[in-house]
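What follows is each chain in one-letter form.
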Amino acid sequence: MQENFSLKPFNTFGVEAKAKYFVEVNTVEELIETLKRSNSKTLPLLFLGGGSNILFTKDFDGLAIQLNLKGISEEFLNENQVLVTAKAGENWHEFVMFCLNKNYGGLENLSLIPGNVGTSPMQNIGAYGTEIKDHFVSCKVLNLQTLEVETFDLAKCRFGYRDSIFKQEGKNQYVILEVSFKLTTQNHTIKTEYGAIQSELENLDITNPTIQDVSKAVINIRQSKLPDPKKIGNAGSFFKNPTIPLAQFEDLKLKFENIQGYPNGNFVKVPTGWLIEQCGWKGKQIGNVASHQLQSLVIINATGNASGKEIFDFSALIIDSVKEKFGIELEREVNIL
Ligand code: EPU
């Protein structure tokens, strides 16, 4: 266990924050042992995965635990389906690449999402028409009260848009240890209808795409507009896309005829990137922080020297502008600590 440990390498924003205590665990047994010895009933705990969805605005006065659980296993269910289980500390994109190398289909639209497998259920990661809930079977979790391992199936996880039980009632009560997905081994379902995938495949001259081609297209699209956290600190989308009542959307449409929206029953999901851009924030920098010039929904540590507080304050200015112009209250997607 280390004291006053810098968390800068453990968050993709690359901001400085110190954990009072820090420990890395490699097995479930080590994790349980650490929790038993650390007085975890009174000491605040923080479980670190890939650090790709967290903003530290201050030092953490507790025990930060880096979950380094590794390993992937496969179980063939029938001639067309395989159950693939990955431990929490596996890097998400490397896991997707492992599946594609074996020609297991289902997760290809989720290529290049930063973070680890263990945090993927927390916010039901999603992109380009797929969310993990579409292929999720179950996850094993450690109950922090009882220190027993439990299994959560799809229904128990209560997945929603960027949401799950782990962000709601189950918050801070469980540690995800491993996640199992049901994937196809042949006759894959190819999803190309979302956004720019189809046109990117055309650019690549591909008419009959494989799952590997879809992955390539997704990687190209992401690389063309999302900043690489290894080069510029960021945590992907900083806000969620809000869902507003249809009537409110129609009112807004009278005033802002170009407003975009994806209807869903009596509600409409509005792209936050568009709202932020309309408020003049796209590419704008204040001090060390900016809204990304190609995707305004992403806030970046532009100079590499931003503090978490500066990034948080910048996000508050964006929330105020969008509220004033459109009457919509943006919700942060990134966890603030
Ligand atoms: N748009 C603008 N200006 C901008 C950015 C976007 O007008 O600065 C418009 C685009 O023109 C487009 C619409 O907003 O018509 C939607 O943009 P995009 O397809 O880039 O998707 P998004 O809604 O902004 C969501 C996810 C992303 C995910 C993409 C692709 C959320 C909060 N974000 O972004 O997820 O990669 O769809 O599926 O749902 C993440 O969660 O970190 C993330 C990157």
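What you see is a predicted model; the values in this text were computed from it and never measured. (Residues numbered from 1 in each chain as written. Predicted model: local features only at pLDDT ≥ 70, side-chain atom pairs only at ≥ 80, totals over all residues. Heavy atoms only, no water.)

Caption draft 1: Structural detail: the site of the ligand. In the vicinity of the ligand, 23 residues are found, and the nearest of them are Tyr-128, Tyr-161, Asn-241, Gln-260 and Glu-277. Residue Tyr-161 places a side-chain N or O atom 2.7 Å away from an oxygen atom belonging to the ligand. In isolation the ligand exposes 820 Å². Once the protein is present, 83% of that is buried. With three residues, helix H7 (residues 272–278) is the single largest residue contributor to the shell around the ligand. Residue classes in the shell around the ligand are distributed as nine nonpolar, seven polar and seven charged. Two domains share the shell around the ligand, each providing at least three of its residues, namely domain 2 (72–225) and domain 3 (233–336). (Near = heavy atom within 4 Å. Polar contact = N/O pair within 3.5 Å; in protein donor to acceptor, adjacent residues only side chain to side chain. Areas by Shrake-Rupley, 256 points an atom, 1.4 Å probe, with all protein chains shown as cover. Helix = DSSP H or I, 4+ residues; strand = E, 2+ residues; numbered from the N terminus. Nonpolar A, V, L, I, M, F, W, Y, C, P; charged D, E, K, R; others polar. Domains from an automatic or database assignment.)

Caption draft 2: Examining the sheet that holds strand E15 (residues 262–264) more closely. Taken together, three strands build an open sheet; the order of strands is E14-E16-E15 and the sheet is antiparallel. With one partner strand each, in any of the chains shown, strand E14 (243–245) and E15 form the two edges of the open sheet. Across the sheet, the mean angle from the axis of one strand to that of its neighbour is 35°, orientation sign disregarded. Across three bridges, the pairing between E15 and strand E16 (residues 267–269) is antiparallel. Each residue of the ladder has a partner; that of Asn-264, found in E16, is Phe-267. The strands touched by helix H6 (residues 246–255) are E14 and E16; relative to E14, the strand with the most contacts, the crossing angle is about 90°. (Pairing = 2+ DSSP bridges. Axes fitted to C-alpha atoms, helices over the stretch in contact; angles between N-to-C directions. Contact = heavy atoms within 4.5 Å.)

Caption draft 3: The arrangement of the pairing of strand E7 (residues 81–87) in detail. Counting buried residues in E7 gives five out of seven residues, a clear majority hidden from the surface. Two strands pair when backbone bridges link them, and strand E6 (residues 72–78) and E7 are joined in this way by six bridges, in the antiparallel orientation. For Glu-74, the partnering residue across the bridge sits in E7 and is Val-84. Where E6 folds back on E7, the antiparallel hairpin that results is connected by two residues. In this structure, E7 lies alongside strand E12 (residues 174–184), joined through seven bridges in antiparallel fashion. For Thr-85, the partnering residue across the bridge sits in E12 and is Ser-180. (Buried < 20%, exposed > 50% of the residue type's maximum accessible area, 1.4 Å probe, protein only.)

Caption draft 4: Main features of the domain arrangement of the chain. Considered domain by domain, the chain is made up of domain 1 (2–67), domain 2 (72–225) and domain 3 (233–336). Here the C-alpha centre of domain 3 lies 29 Å away from the C-alpha centre of domain 1. Between domain 1 and domain 3, the contact holds 11 residues from the first and 17 residues from the second. Three residues stand out in domain 1 for area buried against domain 3, namely Phe-13, Asn-53 and Leu-55, and they jointly supply 59% of the buried area on that side. Here domain 1 is connected to domain 3 by zero salt bridges. Counting every contact that joins domain 1 to domain 3 gives five residue pairs in polar contact (both at pLDDT 80 or more). (Buried area = accessible area lost by both parts, 1.4 Å probe. Salt bridge = Lys/Arg side-chain N within 4 Å of Asp/Glu carboxyl O.)

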